[in-house]
Amino acid sequence: MMTPLLVLLVLVVLTILMTVKVIPQQTAYIMERLGKFYGVLQPGINFIIPFFDRIAYKYTLKETAIDIPEQICITRDNVQVRMDGVIFIQVIDPKKAAYGIADYTFAVIQLAQTTMRSEIGKLDLDKTFEERMTINRAVVQSIDDAAIGWGVKVLRYEIKNITPPQSVLIAMEKQMQAERERRAVILQSDGEKQAAINVAEGQKQKAVLESEGLRLRQINEAEGEAAALKSVAEATAESIRLVAAAIQTEGGMEAVQLKVADNYVEQFGKLAKAGNTMILPANFADMGGMIAAAMSIVKSSEPKK
């Protein structure tokens, strides 16, 4: 009696389990009824008819990264390079993903490889390293155009590695070494050129400053000499004025006579010391007459009142 009830209870539980389907978030189940597409079960609790309905496909609606295997590509200048990458896709239409293509993952990988070979064939080896973004956009565009009927959206594609042959790597290393040496030589020559310019500019400025200093010194010396001459002339004029004023005073003329006589005798004394021969005037004995003649000259030079 317990066995049939137990069997019935098990059948009820199995029926409930087969009837109720709990769909996780960001997941889509494709349901077929009697072998024909019936609908897409949304996240949450869903009920199906056992033995009539079945879950044919299960897809995640999350973004998925697919590794693109390494392959050999030939550049426009006939260099073989090894390239691999990663592509990010997302299922946006589960029905198309289930019935539009047998295996969209395999199709995306193959299309990414063929597109990458095609894009690399348009570029020289040197440009392949510079045009990564161009290649990435071309792969994404190509797969997007083809995947319209697959229910798949290509979000982005990234090249992971570009590996040229060893011989090309050695040649590229030599080229980079030569380029670095060329830049070093250019920098050194530019430095020497700038140093020479700086030295010449310094010498130029030095010469200008020296000439300016010499000119200022000459001007200062000339001004000093002019001031000295002016001072001497002023002192001489002042002394002459003082002498003239002294002559006009009482006893001044007698002092002049005494000074003239004194200078006269002194000069003849110097002539006697200079040599053994001395020329004397004919009237040397008439000292008073000579002094009187000198005084007449002094009087004639006085300004007339």
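For the structure given in this document, a descriptive report is provided here.

1. Some points on the overall build of the protein
Within the protein one finds 8 helices and 8 strands. When the 305 residues of the protein are sorted by exposure, 25% land in the buried category. Long-range pairs, those at least 24 residues apart, make up 63% of the contacts in the protein with a sequence separation of at least 6. Working note: accessible area of the protein is about 21200 Å², and carbon and sulfur atoms make up 61% of it.

2. Regarding the nonpolar core
Counting residues in hydrophobic clusters, the biggest one holds 37 residues, and the most contacted among them are I87, I143 and Y157. Secondary structure elements with two or more residues in this core: β6 (64–74), β7 (80–91), α2 (94–99), α3 (104–120), α5 (132–146), β8 (152–163) and α6 (166–248). The dominant element in this core, judged by the number of residues it contributes, is α3, at 8 residues. Setting aside its immediate chain neighbours within four residues, I87 contacts T64, A65, I66, I68, V108, I143, V154, R156 and Y157. Counting 5 residues, the second-largest nonpolar core is a separate cluster that includes I23, Y29, M31 and I48.

3. Structural notes on the packing of aromatic side chains
Counted according to the given criterion, the structure contains 4 aromatic pairs. For the pair Y57 and Y59, a centre-to-centre distance of 6.1 Å together with 10° between the ring planes defines the contact as stacked. Judged by its relative accessible area of 11%, Y59 is buried. Across from the ring centre of Y38, 3.9 Å away, lies the NZ or CZ of R33, which sits over that ring. Residue placement shows R156 over the ring face of F88; its charged tip is 4.3 Å from the ring centre.

4. Regarding the sheet that holds β7
Spatially, 3 strands are ordered β6-β7-β8 in an open sheet, and the strand pairing comes out antiparallel. Taken across any chain shown, the strands that pair with only one partner, and hence form the sheet edges, are β6 and β8. If you compare each strand with its neighbour and ignore which way they point, the axes differ by 25° on average. Relative to β8, β7 is paired through 10 bridges, and the arrangement is antiparallel. Counted as the bridge partner of V86 is E158 from β8.

5. Some remarks on the packing of α3 against α5
One way to put it is that α3 packs onto α5 with a least axis distance of 9 Å and a crossing angle of 135°. With respect to α5, the element α3 is oriented oblique. Between α3 and α5 the crossing geometry is right-handed. Counted together, V108, L111, A112, T115, M116, E119 and I120 of α3 and I135, A138, V139, S142, I143 and A146 of α5 form the full contact between these two elements. Classifying every residue of the contact of α3 with α5 gives 10 nonpolar, 2 polar and 1 charged.

6. Describing the pairing of β7
Across the 12 residues that make up β7, a large majority, 9, are buried. Inspection of the sheet shows β6 paired to β7 by 9 bridges, in the antiparallel sense. If you follow C73 over to β7, its bridge partner there is V81. Hairpin connection of β6 to β7: 5 residues between the antiparallel strands, including N78 at a positive phi of 60°.

7. Observations concerning the environment of P94
Secondary-structure assignment places P94 in helix α2. Filtering out sequence-adjacent residues up to four positions away, P94 remains in contact with A28, I30, V40, Y59 and L61.

8. Quick look at the sheet that holds strand β5 (residues 53–60)
The antiparallel open sheet is built from 3 strands, whose spatial order is β3-β2-β5. Of all the strands in the sheet, the pair left with one neighbour each is β3 (36–41) and β5. The average angle at which neighbouring strand axes cross in this sheet is 25°, direction not considered. Bridge analysis of strand β2 (residues 27–33) against β5 gives 7 bridges, and the strand direction is antiparallel. Note on β5: the bridge partner recorded for T27 is T60.

Reading the values: rules and limits
Residues numbered from 1 in each chain as written. Predicted model: local features only at pLDDT ≥ 70, side-chain atom pairs only at ≥ 80, totals over all residues. Heavy atoms only, no water. Helix = DSSP H or I, 4+ residues; strand = E, 2+ residues; numbered from the N terminus. Buried < 20%, exposed > 50% of the residue type's maximum accessible area, 1.4 Å probe, protein only. Contact = heavy atoms within 4.5 Å. Areas by Shrake-Rupley, 256 points an atom, 1.4 Å probe, with all protein chains shown as cover. Core = buried A, V, L, I, M, F, W, Y, C linked by side-chain atoms within 4.5 Å. Phe/Tyr/Trp six-rings, centres within 6.5 Å; stacked < 30°, edge-to-face > 60°. Lys NZ or Arg CZ within 6 Å of the ring centre and 35° of its normal. Pairing = 2+ DSSP bridges. Axes fitted to C-alpha atoms, helices over the stretch in contact; angles between N-to-C directions. Parallel < 35°, antiparallel > 145°, perpendicular 65-115°, else oblique. Left-handed = near helix turned anticlockwise from the far one by under 90°. Nonpolar A, V, L, I, M, F, W, Y, C, P; charged D, E, K, R; others polar.

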